[in-house]
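# Observations on chain architecture
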Amino acid sequence: MTQDELKQAAAHAALDYITDGDIVGVGTGSTVNHFINALAGMRARIRGAVSSSEASSARLRAHGIEVFDLNGIASLPVYVDGADEIDASFAMIKGGGGALTREKIVAAVSERFVCICDASKRVPVLGRFPLPVEVIPMAARHVARELRRLGGEPKTREGFITDNGNLILDVHGLEIADPVGMETRINQIVGVVTNGLFAERGADVLLLATAAGVERHTAKPV
């Protein structure tokens, strides 16, 4: 199977976690695009969606799925999104598409986070994929200096502005043995909006697409 076919398989498996009448939290990225396409086939059975990006919102609406403002709903039973990397504790690096802040907000509100990805995203230690950090533009140089003190090499994502009007620093060279600690430390830097470590609120379910089929893993209670 190609990587795209693996992504599609994981995306379709996530439909099993959608209940009739739900408002569904929807992430961003190529794997999520497959999920949105699949979700369109059951749009008459759900109330609609909450989206983590303008791109996903546009795709949802194009399929006739109503997009709700997160502030206007009482609960969000499930959030489906991909990952750039995920470790054995279900901590993740996300934000390759630049939507990390809204993704983190929707994940925080959701009752269950279902991560969909192919087997190449499973890693023993996070950090091979550059860690995205969303920053207020006027603080970019200050934040970059602080990130270097943590052992990383930040590079501004050229020609990219987030949906929130901010910049992304992609931090190379980190080996993240303590994802929760690193997430907290970076978020404490003045000028950081948030970073792409999803460790404090990791995934509850991992749907990992392999050549042998989609593996279903559930996070162990802490």
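Heads up: these notes are all about the structure in this document.

Procedures and definitions
- Residues numbered from 1 in each chain as written.
- Predicted model: local features only at pLDDT ≥ 70, side-chain atom pairs only at ≥ 80, totals over all residues.
- Heavy atoms only, no water.
- Pairing = 2+ DSSP bridges.
- Helix = DSSP H or I, 4+ residues; strand = E, 2+ residues; numbered from the N terminus.
- Axes fitted to C-alpha atoms, helices over the stretch in contact; angles between N-to-C directions.
- Contact = heavy atoms within 4.5 Å.
- Buried < 20%, exposed > 50% of the residue type's maximum accessible area, 1.4 Å probe, protein only.
- 1 Å grid on protein atoms, 1.4 Å probe; cavity = no way out; pocket = protein on both sides within 12 Å on 5 of 7 lines; lining within 4 Å.
- Points joined across faces, edges and corners; volume = space filled by probe spheres on them.
- Nonpolar A, V, L, I, M, F, W, Y, C, P; charged D, E, K, R; others polar.
- Salt bridge = Lys/Arg side-chain N within 4 Å of Asp/Glu carboxyl O.

Our next topic: the sheet that holds strand S7 (residues 131–135). Spatially, the four strands line up as an open sheet ordered S8-S9-S7-S10, and their pairing is antiparallel. Either end of the sheet is taken by a strand with one partner, and the two such strands are strand S8 (153–156) and strand S10 (192–195). The average angle at which neighbouring strand axes cross in this sheet is 30°, direction not considered. As paired elements, S7 and S10 share three bridges and run antiparallel to each other. Residue pairing for S10: Val133 is matched across the bridge by Asn195. Strands S7, S8, strand S9 (167–172) and S10 of the sheet are contacted by helix H5 (residues 140–149), whose axis makes an angle of about 15° with S9. Sitting on the sheet, helix H6 (residues 179–187) touches S7 and S10, and the angle it makes with S10 is about 165°.

Here the focus is the pairing of S7. Judged by how many residues are buried, S7 sits mostly within the fold: five of five residues are covered. Because side chains alternate across S7, one face comprises the buried residues Leu131, Val133 and Val135, and the other comprises Pro132 and Glu134, equally buried. With five bridges connecting them, S7 and S9 associate as antiparallel partners. For Val135, the partnering residue across the bridge sits in S9 and is Leu167.

A few words on empty space enclosed by the protein. For the structure on display, the rule yields one cavity of 30 Å³ or more. The calculated volume of the largest cavity comes to roughly 40 Å³. Lining the largest cavity, in full, are Ser52, Ser53, Gly98, Ala99, Thr101, Arg102, Glu134, Thr162, Asp163 and Asn164. The class makeup of the residues in the lining of the largest cavity is one nonpolar, six polar and three charged.

Further remarks concern the pattern of salt bridges. Taken as a whole, this structure holds 13 salt bridges when the rule is applied. With a closest N to O distance of 2.8 Å, Asp16 and Arg216 form a salt bridge. One end of the pair, Asp16, is in the loop between helix H1 (3–13) and strand S1 (23–26); the other, Arg216, is in strand S13 (residues 213–218), with 200 residues separating them in the sequence. Notably, a salt bridge pairs Asp170 with Arg157, separated by 2.7 Å at the nearest N-O pair. With a gap of 13 residues between them, Asp170 in strand S9 and Arg157 in the loop between S8 and S9 connect regions that are remote in the sequence.

Fair warning: the whole summary comes from geometry, so function is off the table for now.
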